[in-house]
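Chain by chain, the residues run as shown.
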Amino acid sequence: MQKKFLVTLTATATAFSMLVAPSLTAFAEDAEVLTETVTVSASDEPAEVGAITISDGSSAVVANGGTITVDGDITTSGTNDSYKDYVGDEHLTASPTIDADNHATVTVNGNITAGNDGTEQTAIDASNSTIVVNDGNVSATDTAVQASNSTITINGDIVGGYHGIAAYSGNTISVKGNVTAHGMQSDYTRDDVIAGTSTFGTGVFSSGENNIIIDGDINSIENGLDVNVGYSGNQNNGSILVTGDIISGHEGLNIYDNTEKSGFATADDFLAATPDITIYSTNFVSVGIKSTDATADVKAEIRSKIKDAINYIIKADSNPDYNIKVSGTNVEKISGFDTVNRNEAFNVAANVPEGYELSGGDHVSVSKNNDGTYTLVLTDSRGGIFVTARLIPVTNSDGSTSYIVESETSNEESSSNANSIPNGAIIVANSQGAADTPSQIAAISGTKPARTVSYNMSSITPIQYKESIISNVAAAPQGGAMNIETDRVACLDSKMIAAIASRPDIDVNVVFTYGGKKLKVTIPAGYDVSKLLDEYGYCGFLRLMSILGSTEL
């Protein structure tokens, strides 16, 4: 991937690199927020500074070797470069917030926020380096974490645009949190030629040998986990572990080779180039084989063997009354988790109360053995094994089915609610007309009755964003307006556009920050919104602006 970097090394930063460690530590404790790029090199003493805020598109930290600790948040905005995509839309870009190479070590005790004004910016770009983020989240409008031959530890959530994580071989990456990709308007190629522009977003992209642990969920507008196995002869002995759900708009787990010339001719060759993959659940598993050396029968064998090789985490209800025990010769311990492959049986011993039955999840068959234990088999590559006791459904006289609903939720279920939305992440406001319209809403939709929904994109998943748009469009006042306000450049997909099409009586105003300006694009009532979608079924905000124009608020 070609990258454009423009690093500003200021006089303040140069002088900074000459200080000795004791002075730096004292400085960090009492420091005001730095507003210029800080640079360190391999010959410098270890450095420690306070929070950094950059507003001109420059990097906050440039580490060419050396060691630096930032005790505070890092926030970067502004632009120092731009480019035009295939359809002519201009993209404002910036240098990566943290640019580390040459065996640098960067520790951040706080949050990293890159491109919070809508500029496309990577938060962490690491090559042959070590990056640690302690108790902080990483958010970016482009790729949040981009790494090669590096060790990355993030003790928090990661939110990106194009990628949450892009790992280009030789990395050890550990994330204690969720990874999200909201998508970004970008060009795509056919036969190595740029052919168009659409919106793309991948939660985690892995190419080559990487060891990746995601202790949480992966959410993405497009693919959740992309695994590029490269070429025949690669021996990717790396591993990927995802302990939560992989939720995506397209393929949840996508495993594929590099090009038609990848050279894979047998299923065993393809399997040897694929890392060990362990997941809990996903919405879809795709195995793509471009190699022209593989016959149709070999491609079918590859798909089957790859899906059979995926390890699936077995989760069990922690209710002590059930006393669930998992065992079996097919059960393998991986990083402390019981795992099993598709179509392989495992055993469960449990105390199942009267009126209950044992369940292993939607894609797990359960049979009771003569000794009172159970045999379970995962039958679908989507996974999602969760062993619990559930109420036996009752068939009513009219043929309907009912359940007795208990007031208490199991400990496991209550602690893993992936659908919860943080307070303040989505704010809904209603105004009925001129008399009660606040000035900030009137600036968007005038005196029309309006429903205004504001989104903190780094705090919600693509699914939550989509569902909220659809439901709030439906609830917008008759003949009024629906105002969509985001804190970054985002997109609308085909289902959101369909919801807007079902409400030809309302204006839809899309408000977002781009290049430090708050912009509004209006989709007028009755407009043929089907014209807005590209061939992949998306309408990025930049595309929307190029079609309908914008006004600055």
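**Some points on the overall build of the protein chain**
Here is step 1: What the protein chain contains, in helices and strands, is 9 helices and 49 strands.
Here is step 2: Considering only contacts in the protein chain between residues 6 or more positions apart, those separated by 24 or more positions represent 62%.
Here is step 3: For the protein chain, the accessible area works out to roughly 23,600 Å², and carbon and sulfur atoms hold 46% of it.

**Things to note about the pairing of strand 47 (residues 517–523)**
Here is step 1: By the bridge criterion, 7 bridges tie strand 46 (residues 507–514) to strand 47 in an arrangement that is antiparallel. Its bridge partner being in strand 47, Val-510 is matched across the sheet by Val-521.
Here is step 2: In this antiparallel pair of consecutive strands, strand 46 and strand 47, the connection spans 2 residues, and Gly-515 shows a positive phi of 60°.
Here is step 3: Pairing of strand 47 with strand 49 (residues 551–552), which is carried by 2 bridges, proceeds in the antiparallel orientation. When the bridges of strand 49 are listed, Leu-519 appears paired with Glu-552.

**Examining the environment of Asp-487**
Here is step 1: The residue Asp-487 is located in the loop between strand 44 (481–486) and strand 45 (491–493) in this model.
Here is step 2: With residues up to four places along the chain from it excluded, the contact list for Asp-487 reads Asn-116, Tyr-455, Asn-456, Met-457 and Thr-513.
Here is step 3: Within the local environment of Asp-487, its side chain forms a polar contact with the backbone nitrogen of Met-457, the two atoms lying 3.2 Å apart.

**With respect to unusual backbone geometry**
Here is step 1: Of note, Asn-149 is a non-glycine position whose phi angle comes to about 50°, a positive value.
Here is step 2: Considering the arrangement of structural elements, one finds Asn-149 in the loop between strand 15 (145–148) and strand 16 (151–154).

**A few points about the packing of helix 7 (residues 462–475) against helix 8 (residues 494–501)**
Here is step 1: For the pair helix 7 and helix 8, interaxial distance at closest approach is 9 Å and the crossing angle is 5°. Taken together, helix 7 and helix 8 sit at an angle that is classed as roughly parallel. On the side of helix 7, the interface is formed by Tyr-465, Lys-466, Ile-469, Ile-470 and Val-473, while helix 8 contributes Lys-495, Met-496, Ala-499 and Ile-500.
Here is step 2: Grouping the constituent residues of the contact of helix 7 with helix 8 by class yields 7 nonpolar, no polar and 2 charged.

**A look at the environment of Gly-526**
Here is step 1: Mapped onto the fold, Gly-526 is located in the loop between strand 47 and strand 48 (538–540).
Here is step 2: Here the alpha-carbon distance between Gly-526 and Ser-502, two residues 24 residues apart in the chain, equals 9.7 Å.

**Things to note about the side chain of Asn-228**
Here is step 1: Mapped onto the elements, Asn-228 comes out in strand 26 (residues 223–228).
Here is step 2: The exposure class assigned to Asn-228 is buried, which follows from its relative accessible area of 7%.
Here is step 3: Among the polar contacts listed, one links the side chain of Asn-228 to the backbone nitrogen of Gly-230, at a separation of 2.9 Å.
Here is step 4: Setting aside chain neighbours within four positions, we find Asn-228 in contact with Phe-205, Ser-206, Ser-207, Gly-208, Asn-236, Tyr-256, Asp-257 and Asn-258.

**A look at the state of the cysteines**
As used here, a disulfide is simply a covalent bond connecting the sulfur atoms of two cysteines.
Here is step 1: Counted under the stated rule, the structure contains 0 disulfides.
Here is step 2: The thiol of Cys-491 is unpaired, and the distance to the nearest cysteine sulfur, on Cys-539, comes to 8.3 Å.
Here is step 3: Assessed through its relative accessible area of 0%, Cys-539 is described here as buried.

**A look at the confidence of the model for the protein chain**
Here is step 1: Taken residue by residue, the protein chain gives an average pLDDT of 89. The fraction at 70 or more is 89%.
Here is step 2: Of the regions scoring below 50 in pLDDT, residues 1–29 engages in 55 contacts with residues more than four places distant in sequence or in other chains.

**Quick word on the sheet that holds strand 9 (residues 98–101)**
Here is step 1: Spatial strand order, 1-4-9-12-15-18-23-26-28-30: 10 strands in an open sheet with parallel pairing. The open sheet has two edge strands, strand 1 (38–41) and strand 30 (285–288), and neither has a second partner. With direction set aside, neighbouring strand axes in the sheet form an average angle of 5°.
Here is step 2: Contacts between helix 4 (residues 296–309) and the sheet are confined to strand 28 (253–256) and strand 30, with strand 30 contributing the most and set at about 140° to the helix.

**Considering helix 9 (residues 541–548)**
At 3.6 residues per turn, the α-helix brings residues three or four places apart onto the same side.
Here is step 1: Regarding helix 9, the residues found buried are Phe-541, Leu-542, Arg-543, Leu-544 and Met-545.
Here is step 2: Downstream of helix 9 by one or two residues, Gly-549 has phi in the positive range, about 80°.

**Notes on the packing of aromatic side chains**
Here is step 1: This model, assessed by the stated rule, comprises 7 aromatic pairs.
Here is step 2: For the ring pair Tyr-188 and Phe-200, a centre distance of 6.0 Å and an interplane angle of 70° mean the geometry is edge-to-face. In this pair, Tyr-188 sits in strand 21 (residues 184–190) while Phe-200 sits in strand 22 (residues 193–200), placing the two residues 12 residues apart along the sequence.
Here is step 3: Here Tyr-188 falls in the buried class, since its relative accessible area comes to 9%.
Here is step 4: Across the ring face of Tyr-280, the terminal group of Lys-315 is positioned such that the distance to the ring centre comes to 4.1 Å.

**Considerations on the side chain of Thr-282**
Here is step 1: As for its placement among the helices and strands, Thr-282 is situated in strand 29 (residues 276–282).
Here is step 2: Residue classification places Thr-282 among the buried residues on the basis of a relative accessible area of 7%.
Here is step 3: Looking at Thr-282, its side chain comes within polar contact range of the main-chain oxygen of Phe-284, at 3.5 Å.
Here is step 4: If near-sequence neighbours (up to four positions away) are discounted, Thr-282 is found in contact with Ile-246, Gly-252, Leu-253, Ser-381 and Arg-382.

The rules we used
Residues numbered from 1 in each chain as written. Predicted model: local features only at pLDDT ≥ 70, side-chain atom pairs only at ≥ 80, totals over all residues. Heavy atoms only, no water. Helix = DSSP H or I, 4+ residues; strand = E, 2+ residues; numbered from the N terminus. Contact = heavy atoms within 4.5 Å. Areas by Shrake-Rupley, 256 points an atom, 1.4 Å probe, with all protein chains shown as cover. Pairing = 2+ DSSP bridges. Polar contact = N/O pair within 3.5 Å; in protein donor to acceptor, adjacent residues only side chain to side chain. Axes fitted to C-alpha atoms, helices over the stretch in contact; angles between N-to-C directions. Parallel < 35°, antiparallel > 145°, perpendicular 65-115°, else oblique. Nonpolar A, V, L, I, M, F, W, Y, C, P; charged D, E, K, R; others polar. Buried < 20%, exposed > 50% of the residue type's maximum accessible area, 1.4 Å probe, protein only. Disulfide = S-S within 2.5 Å. pLDDT = per-residue confidence, 0-100. Phe/Tyr/Trp six-rings, centres within 6.5 Å; stacked < 30°, edge-to-face > 60°. Lys NZ or Arg CZ within 6 Å of the ring centre and 35° of its normal.

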